[in-house]
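# Summary of the model geometry
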Amino acid sequence: GDAAEDTIQMVTEQNERLSKLVRTLLDMSELQTVTRNDKIELHSLIEEVLTDLEPLAQEKKVELIQKSQGAGEKADEELFLTGSDILIYRMLYNLVENAIKYNIDGGQVTVTCKEWDKHIHIMVSDTGKGIPEELRSRIFEPFFRVDKSRSRELGGIGLGLALVNEIVRVHEGSIEIKGNRAGGTDFEIEF
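### Concerning the packing of aromatic side chains
- Inspection of every chain in the model, using the stated rule, returns one aromatic pair.
- The aromatic ring of phenylalanine 80 is capped on one face by lysine 39, whose charged end is 5.3 Å from the ring centroid.

Put into structure tokens, the structure is as follows:
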């Protein structure tokens, strides 16, 4: 009856209000004002992120792999990005954390980072269940979840990817989501 419809209406409005609030917080938050002139060495930052997430990966039986060099390049070459160290760390952390959480037992998360054509390319690939194409554009919305039924058990994505998207934006980068051959997801970032 009417009561149920009123409740649904109210919840919908609350949801919209919450999303607006979150967007406003993200816009107003430190992101715009954080200084972005740290010289970040990406290979060691990625190593740090993977080390910090190793316990979670072990618990979920997921292997973390870092690939830093392209064909024919020296493996130990440093790769610098000018930006906010704290935000780029958070961006990578959130992407890798999600890739671990939404993976399969015995799965893998691979982080690749290379400079190509004067751009820096970072890719986080997983062997999870993949994200249906029609949902990929919505995945950066605050509180959006690909699989509602599993979100509680996994603690949900929450703000993770909304924040990633904002961090990429304030660094004037771009981020794309693609399916991969393993049936999982690739997050490709370019600065």
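### Structural notes on a negative patch on the surface
- Where like charges cluster on the molecular surface, the negative patch consists of Glu47, Glu48, Asp52 and Asp85.
- With three residues, helix α2 (residues 42-59) is the largest single contributor of residues to the negative patch.
- Here glutamate 48 lies in helix α2.

### Here's the deal with unusual backbone geometry
- Phi is positive for lysine 61, close to 55°, though the residue is something other than glycine.
- Tracing the backbone shows lysine 61 in the loop between α2 and β2 (63-67).
- Lysine 61 gets classed as exposed once you look at its relative accessible area, which sits at 53%.
- With a phi angle near 65°, lysine 118 is a residue other than glycine that sits in the positive phi range.
- Within the element layout of this structure, lysine 118 appears in the loop between β4 (108-116) and β5 (119-126).
- Since its relative accessible area comes to 80%, lysine 118 is described here as exposed.

What counts, and at which threshold
- Residues numbered from 1 in each chain as written.
- Predicted model: local features only at pLDDT ≥ 70, side-chain atom pairs only at ≥ 80, totals over all residues.
- Heavy atoms only, no water.
- Phe/Tyr/Trp six-rings, centres within 6.5 Å; stacked < 30°, edge-to-face > 60°.
- Lys NZ or Arg CZ within 6 Å of the ring centre and 35° of its normal.
- Patch = residues over 30% accessible without salt bridge, like charges linked within 9 Å, V, L, I, M, F, W, Y side chains within 5 Å.
- Areas by Shrake-Rupley, 256 points an atom, 1.4 Å probe, with all protein chains shown as cover.
- Salt bridge = Lys/Arg side-chain N within 4 Å of Asp/Glu carboxyl O.
- Lys, Arg positive; Asp, Glu negative; His and termini not counted.
- Charge placed at Lys NZ, Arg CZ, Asp CG, Glu CD.
- Helix = DSSP H or I, 4+ residues; strand = E, 2+ residues; numbered from the N terminus.
- Buried < 20%, exposed > 50% of the residue type's maximum accessible area, 1.4 Å probe, protein only.

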